[in-house]
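# Observations on chain architecture
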Amino acid sequence: MGRHADSLAPPRGRAPAASRRNFWSYFRTTNMSDCKKASILIVGSGIVGRSWAMLFASAGYKVVLYDTVQQQVSSAIESIRQQLTELERTGGLRGTFKPEEQMMLITACNDLAQAVEGASHIQECVPENLELKRKVFQDLDKLMNDSVILSSSTSCLLPSKLFSGLKHVKQCIVAHPVSPTYFVPLVELVPHPETHAAVIEQTYALMKDIGQSPVKLNKEIDGFALNRIQYAIIGESWRLVNDGVLSPEDVDLVMSAGLGMRYAFMGPFETIHLNAEGLKNYCERYAGGMKRVLSSFGPVPEFSGEAMEKINQIPPQGKYPLSNYPVKPSQNLRSPAILLNSYEQWPNLLNISLHARKLA
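Residues numbered from 1 in each chain as written. Predicted model: local features only at pLDDT ≥ 70, side-chain atom pairs only at ≥ 80, totals over all residues. Heavy atoms only, no water.

### Structural notes on the overall build of the protein
Helices and strands together make up the secondary structure of the protein, namely 17 helices and eight strands. Per-residue burial over the protein gives 41% buried out of 360 residues. Counted over contacts in the protein with a minimum sequence separation of 6, partners at least 24 positions apart contribute 70%. Carbon together with sulfur atoms contributes 57% to the accessible area of the protein, which is approximately 19900 Å² in total. (Helix = DSSP H or I, 4+ residues; strand = E, 2+ residues; numbered from the N terminus. Buried < 20%, exposed > 50% of the residue type's maximum accessible area, 1.4 Å probe, protein only. Contact = heavy atoms within 4.5 Å. Areas by Shrake-Rupley, 256 points an atom, 1.4 Å probe, with all protein chains shown as cover.)

### A look at the pairing of strand β5 (residues 149-152)
By the alternation rule, side chains of β5 split into Ile149 and Ser151 and Leu150 and Ser152, which are all buried. Sheet topology note: the strand β4 (residues 119-124)/β5 ladder contains four bridges and is parallel. Along β5, the bridge assignment pairs glutamine 123 with serine 151. The parallel pair β4 and β5 is bridged by helix α7 (residues 130-143), and the resulting crossover is right-handed. Bridge count for β5 against strand β6 (residues 172-177) is three bridges, and the pairing is parallel. By the bridge assignment, serine 152 is partnered in β6 with valine 174. (Pairing = 2+ DSSP bridges. Right-handed = clockwise from strand over helix to strand, strands pointing away.)

### With respect to the pairing of strand β1 (residues 39-43)
β1 sits mainly inside the fold: five of its five residues count as buried. Every second residue of β1 is oriented toward a common face, with Ser39, Leu41 and Val43 on one face and Ile40 and Ile42 on the other, all of them buried. Here β1 pairs with strand β2 (residues 62-66) via five bridges, running parallel. Bridge pairing in β2 links serine 39 to lysine 62. Tracing the backbone out of β1, into helix α3 (residues 47-58) and back to the parallel element β2 gives a crossover that is right-handed.

### What about the packing of α3 against helix α4 (residues 70-89)?
At a minimum axis separation of 10 Å, α3 and α4 run at an interaxial angle of 55°. In terms of their interaxial angle, α3 and α4 are classed as oblique. Relative to α4, the crossing made by α3 is right-handed. Contacts from Arg50, Ala53 and Met54 in α3 reach Gln72, Ala76, Ser79, Ile80, Gln83, Leu84 and Leu87 in α4. (Axes fitted to C-alpha atoms, helices over the stretch in contact; angles between N-to-C directions. Parallel < 35°, antiparallel > 145°, perpendicular 65-115°, else oblique. Left-handed = near helix turned anticlockwise from the far one by under 90°.)

### Some words on the sheet that holds β4
Pairing is mixed across the open sheet formed by eight strands, whose spatial order is β3-β2-β1-β4-β5-β6-β7-β8. Of all the strands in the sheet, the pair left with one neighbour each is β3 (106-109) and β8 (213-216). Neighbouring strand axes in the sheet, compared pairwise and without regard to direction, differ in orientation by 25° on average. With five bridges joining them, β1 and β4 adopt parallel strand pairing. Counted as the bridge partner of isoleucine 42 is glutamine 123 from β4.

### Points about the side chain of histidine 176
Here histidine 176 is to be found in strand β6. Of the residues examined, histidine 176 reaches a relative accessible area of 7% and is grouped as buried. Among the polar contacts listed, one links the side chain of histidine 176 to the side chain of glutamate 188, at a separation of 2.7 Å. (Polar contact = N/O pair within 3.5 Å; in protein donor to acceptor, adjacent residues only side chain to side chain.)

### Topic: the nonpolar core
Ranked by size, the top nonpolar core spans 35 residues in total, and within it Ile42, Trp52, Phe56, Ile80, Ile106, Met207 and Ile210 carry the most contacts. Of all the elements in the fold, those that place two or more residues in this core are β1, α3, β2, α4, β3, β6, β7 (186-191) and α9 (197-209). Residues in contact with phenylalanine 56, not counting those within four places in the same chain, are Ile40, Ile42, Tyr61, Val63, His121, Leu206, Met207 and Ile210. (Core = buried A, V, L, I, M, F, W, Y, C linked by side-chain atoms within 4.5 Å.)

### Some details on α9
Since there are 3.6 residues in each turn of an α-helix, residues three or four apart along the chain are aligned in direction. For α9, spanning 13 residues, the distance from its first C-alpha to its last is 18 Å, which sits close to the expected 18 Å at 1.5 Å a residue. What α9 keeps buried is the set Ala198, Val199, Ile200, Gln202, Thr203, Leu206 and Met207. Looking one or two residues beyond α9, the residue adopting positive phi is glycine 211, at roughly 90°. (Expected span 1.5 Å × (residues − 1).)

Below is the structure:
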């Protein structure tokens, strides 16, 4: 496996003390255009790792895809090749490079020490197991220099549990992608309490540079932001079925034919802003009703028992038969791709809606 040039990090190896003192000023003055030839290390070649590799390569970054077993990472490389070819055929390929050009930017490696050398950003993508992730971070902590950003793809493990005790804890951050990562642009950036502000800004700039839509959490919180909102929806959906208010099919329809169509393009605050004469007017009109309904929410469901059996009896087998899993990427990503293409038309539809409201 060849060595990889690094235009972002200082010279390879352990930086001298004087260099380490200037580390954060170095990060603050680094321009993202200088990072294009930098190497991105992806640790873990499963679905999430492959998606990150495709994203970085689409933006012109060199990518090293690491896994402990050579056969695993070789299979991942071939899978990426097939996915990029299929995405080009269906019009979903990201970036300006052809599939073969993007593949030239991705190399495989099963030697961690070799993979780390030259990396400017490390994106961990191993299974969601705290002890496993901590072991990986401890190994990386021994190998990385003082200018590398160490980022985790965890969906729910707190940075304080993942990174505490590491020598390079100030360089650590969570960058949680949303599945399917290649088509859903959101990335949640969650700092450790000791993460340096420059690392947050640098990671934010990197995510923007590869075409993602990062959000910065000011502090860690259990579930981050996306899952807290998602679990609130799942919890109330479960209660509606458990209390006999709606069938599971109709709960799904409330989202897919109602809220989901709206929230695919606008957030909750944008929605209430447009549902009245601004946010303040909405709250003046509807705060009482919102508080009354919210106070009627029941306890947190157990997600088991009779309600589980009732919901499980009517799975979405017609649309998504489990026998088809794992599905081809083009099948899994078709709906998000259509939504992204619809973004261009949404402002026109919104203007028409607002005009109609004024005429009413």
